[in-house]
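A closer look at the structure
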Amino acid sequence: MHDTLPLLTATDFPAIRRQALNTLQVNLGYRCNQSCLHCHVNAGPNRTEMMDGATVDLVIEVLQVRGITTLDLTGGAPELSEHFRRLVVAARALGVEVIDRCNLTILSEPGQENLAAFLAEQGVQVVASMPCYSPANVDRQRGDGVFDLSITGLQQLNALGYGVPDSGLTLNLVYNPQGPSLPPQQAALEADYKRELLQHFGIRFNHLFALTNMPVQRFGSTLVSKGTFGTYMQLLKQSYQADNLNTVMCRSMISVDWQGDLYDCDFNQMLGLPARLGKTYRPHLRELLGADPEGEAIRIADHCYGCTAGQGSSCGGALESADPAAATISVHAVRHGSAQTVTSGETP
């Protein structure tokens, strides 16, 4: 695994500061039932780092003390945490909206047979990774058989009311590009997904989030191995949109790793760049019981261009309605001075 942090630290990215904190994004651990090429966490079945019960208790306390409105649960596969369900129940009892970043195949894992029903019962918003509506593309990125299991998971969620109008159960999908290119225009791609998934599988969902692949961990290392790291960074920088700075999630969210340490975002967590909180060099979740991060400087490096390129890409998908062509220039285009775009109707 190539370390990409030394390639990112020298940056001219604009300085930004925190606004009011409303979202706690908690990484419950790096264990996952999949090993995806684009995964910025380098998660997989052999990872053992998982949040303990005492830290989960602290998460619940911080939710209450700080008046957090949204708990965003991620991993790995967050559902593999032995504390996942009690954390969800406790957060919902406090009136906190809970987001589960679900890979869909976890719904078919042994011991998770009633997971979908639990999520529906608690009114959890499901954000599900679905990199394409084409079986070959999904299996290429995430492993053989993943597409079929993902479709089964989506159908299971639909049967419980997820993605169905007026059900109150939100199901959003996440698209990541197959390689070193920016995602297509989110609205057009969402229309394609809705048409194809409904026509072929009877599947409904609310929205599609188009996320840019970040040059860190597994994906960043692959770029280095293939000699395309520099051209991908050039693509991100050339596609920078200043307006995206206003709505990047790091302004209102803080990321918590499996040990309870605080980061400005999940990507900084993977790079080992802790958040700043007063004079504390490596702040822990417990510091939030008495300190407010509003106004603190956000740690930046060149990977931040990934959140502000083209349409912009935060954990909630595109930030701006950018020109489709500007948002889909590939590394090939940067290298050779020509634009290659993905248009509505093409398979992503």
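Look up a bit, the structure's there.
Sequence order as written defines residue numbering, which begins from 1 separately in each chain. With the structure being a predicted model, the display of local features is reserved for residues of pLDDT at least 70 and the display and counting of side-chain atom pairs for 80 or more, all residues being used for whole-chain, interface and lining totals. With hydrogens and water excluded, all non-hydrogen atoms of the structure serve as input to the side-chain values.

**Some words on the sheet that holds strand β6 (residues 207-210)**
Read across the open sheet, the eight strands follow the order β6-β5-β4-β3-β2-β1-β7-β8; overall the sheet is mixed. Unpaired on one side and paired on the other, β6 and β8 (262-263) mark the two borders of the sheet. Note on pairing: two strands pair once DSSP finds at least 2 bridges between them. In DSSP terms, a helix is any run of H or I states spanning at least four residues, a strand is any run of E spanning at least two, and both are numbered starting from the N terminus. Pairing geometry for strand β4 (residues 125-129) and strand β5 (residues 171-175), over four bridges, is parallel. The partner of A128 across the bridge, within β5, is L173. Across the sheet, helix α1 (residues 53-66) touches β1 (23-27) and β2 (70-74), and the angle it forms with β1 is around 175°. By definition in these notes, contact holds between two residues if any of their heavy atoms fall within 4.5 Å. All axes here are fitted lines through C-alpha atoms, helices being fitted over the stretch that makes contact, and every angle between N-to-C directions spans 0 to 180 degrees.

**With respect to the packing of helix α2 (residues 84-93) against helix α3 (residues 115-122)**
It is the contact of α2 with α3, at a shortest axis distance of 10 Å, that shows an interaxial angle of 10°. Considered as vectors, α2 and α3 are oriented roughly parallel to each other. For the pair α2 and α3, the crossing hand works out as left-handed. Between α2 and α3, the contacting residues are F84, R85, V88, V89 and R92 on the first element and L115, F118, L119 and Q122 on the second. Any angle that is under 35 degrees is reported as roughly parallel, and any over 145 degrees as roughly antiparallel; angles of 65 to 115 degrees are reported as roughly perpendicular and all others as oblique. Crossings are sorted by hand: turned counterclockwise from the far helix by less than a right angle, the near helix makes the crossing left-handed, and turned clockwise it makes it right-handed.

**Side note on the pattern of salt bridges**
Salt bridge criterion: a side-chain nitrogen from Lys or Arg within 4 Å of a carboxyl oxygen from Asp or Glu. A complete count under the given rule lists nine salt bridges for this structure. A salt bridge links D264 to R18, with the nearest nitrogen and oxygen atoms 3.2 Å apart. With D264 in the loop between β8 and α9 (266-271) and R18 in the segment before β1, this residue pair connects regions lying 246 residues apart in the sequence. For the pair D264 and R18, a shared accessibility class is recorded, and that class is buried. Buried residues are those whose accessible area, probed at 1.4 Å on protein chains only, stays under 20% of the maximum for their type, while exposed residues exceed 50% and partly exposed ones sit between those limits.

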